[in-house]
Amino acid sequence: DLASEYDGFIFDQFGVMHNGATALDGAPALVARLAAAGKRLGILSNSSKRKEWSLRELPKLGFSADHFVAAAVTTSGEEAWHALGAEWRGKACVWLSKKDGDGVSDYLDGTGVGLADVERADFLLASGTNVVRDGASVLAVDCEQSGDVTPFEDLFSRAIARALPMICANPDFVSPPKPGKAMTYQPGHIAARYEELGGRVIYYGKPHPQHFEACVAGLGLPKERVLHIGDSMHHDVAGAVRAGVPVAFIAGGIEHEKLGIPSGELPSAAALRALCEEFCAIPTHTVALARWDAPVMDKLDDDRGKRA
């Protein structure tokens, strides 16, 4: 019973709690049951949007925001927003963003950061992959759906020539498809290209330890009493291991095809071991889904499931 082993739980969102459109089977009941048991709950999400947007969306997805400790709900976009105001106030950037919409258009409000073309900017800001904003124009690019970074190449070359850093507000490379839609490419994808070309990137979000530490601090618990729950080996498992936070790997999430399993089943020990070796990280627990009665596998050499 993992619930009895920890006092706090930190949830990843996409692939653990919901699929971007609806709650995943059993996840709202799990959250409600943990909250009713007096557990302190947080959310740690690689989202370019701020935490208030995430909290507003929870009821639409079948969750109560009241079940979570507000101080322990954070997003990569929230951490980046605070850094912009603290470290870049009065400066200007070329902003690589999403299309206008709730949680996007007003993102720079309160930061004191403006927009400028690459010859006058102080840095690049990556919070999306389909719009380039430089204060004089708003250019739509085809990257979010295609993954094609070609439209950014000239901008990146000119920025690197001026030694401009890039701030990445979401380190995710891709986002799994929402129901009826295709996979999308996220800011981590274009940030990786910027690094390949010789640029410097400042990342906010998982797998970087500071993101985990901020969330644990918000719970007000020792990190050994907190379990992070996530489905990405790179962002969740490797990140939690580096931060010294116990982690439950949701095998039925984004990695399920690599593991050769349908969602809802545990992987074989061999498949899990191979994935762990690829990312040089071993989860504390492996769970089929974020559901109260989901099968759990604690050890790599144990193919048998037990009930949570």
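Think of each chain on its own: its residues are numbered from 1, step by step along the sequence as written. Given that the model is predicted, a residue must reach a pLDDT of at least 70 before its local features are reported, and side-chain atom pairs must reach 80 or more before they are shown or counted; all residues, however, enter totals for whole chains, interfaces and linings. Only hydrogens and water are set aside when side-chain values are computed; all heavy atoms of the structure are taken into account.

(A) Representation of the nonpolar core in the model. Residues belong to a common nonpolar core when they are buried Ala, Val, Leu, Ile, Met, Phe, Trp, Tyr or Cys residues joined through side-chain atoms within 4.5 Å. Exposed residues in this analysis have more than 50% of their type's maximum accessible area, buried residues have under 20%, and partly exposed residues fall in between, with area computed by a 1.4 Å probe over protein chains only. Of all hydrophobic cores here, the largest spans 29 residues; its most connected members are I10, L219, V226, M233, V237, F249 and L259. Helix and strand definitions here come from DSSP, where helices need a minimum of 4 consecutive H or I residues and strands a minimum of 2 consecutive E residues; each element is numbered from the N-terminal end. In terms of residues, this core owes the most to one element, helix α7 (residues 233-243), which gives five residues. Any two residues whose heavy atoms approach within 4.5 Å are treated as being in contact. Those residues in contact with V237 that sit more than four places away from it in its chain are S232, V247, F249, A281, I282 and P283. Among the nonpolar cores identified, the runner-up in size contains 26 residues, and F11, A27, F68 and L227 belong to it.

(B) Spatial organisation of the pattern of salt bridges. What makes a salt bridge here is a side-chain nitrogen of Lys or Arg within 4 Å of a carboxyl oxygen of Asp or Glu, nothing more. With the rule as written, the count across this model stands at 15 salt bridges. A salt bridge links E78 to R50; its shortest N-O distance comes to 3.0 Å. Of this pair, E78 sits in helix α3 (residues 76-87) while R50 is found in the loop between β2 (40-45) and α2 (51-57), placing the two residues 28 residues apart along the sequence. For E78, a relative accessible area of 5% corresponds to the buried category. A salt bridge links E278 to K258, with the shortest nitrogen-to-oxygen separation between them at 3.1 Å. With a gap of 20 residues between them, E278 in helix α9 (residues 269-279) and K258 in helix α8 (residues 256-259) connect regions that are remote in the sequence. Residue K258 is classed as exposed on the basis of its relative accessible area, which comes to 52%. Beyond isolated ion pairs, a larger network of salt bridges with shared partners links D12, K206 and D236.

(C) Focus on the side chain of H18. For H18, the location among the structural elements is in the loop between β1 (8-11) and α1 (27-36). You can call H18 buried: its relative accessible area is 7%. H18 has contacts with Q13, A23, L24 and L61, leaving out every residue within four places of it along the chain.

(D) Representation of the pairing of strand β14 (residues 247-250) within the structure. Burial along β14 is two-sided: V247 and F249 facing one way and A248 and I250 facing the other are all buried. Handedness of a crossover is defined as follows: orient the strands so they point away from the viewer, and if the path from the first strand over the helix to the second runs clockwise, the crossover is right-handed. Handedness of the β-α-β unit built from strand β13 (residues 226-230), α7 and β14 comes out right-handed. Where β14 lies against strand β15 (residues 285-287), three bridges are found, and the strand directions are parallel. By the bridge assignment for β15, A248 is matched with H285. At least two bridges found by DSSP between two strands are what make those strands a pair.

(E) Looking closely at unusual backbone geometry. Look at the link from K206 to P207: it is a cis peptide, with omega at 15°. Structurally, P207 can be placed in the loop between β12 (201-203) and α6 (209-219). For C280, which is not glycine, the phi torsion reads 55° and is therefore positive. Here C280 shows up in the loop between α9 and β15.

(F) Molecular detail of the pairing of β13. In terms of burial, β13 is largely enclosed, as five of its five residues are buried. Burial of the side chains of β13 extends over both faces: V226, H228 and G230 are buried on one face and L227 and I229 on the other. Pairing of β1 with β13, which is carried by four bridges, proceeds in the parallel orientation. Within β13, the residue paired with G8 across the bridge is V226. Where β13 lies against β14, three bridges are found, and the strand directions are parallel. From the neighbouring strand, I229 faces β14, where its bridge partner is A248.

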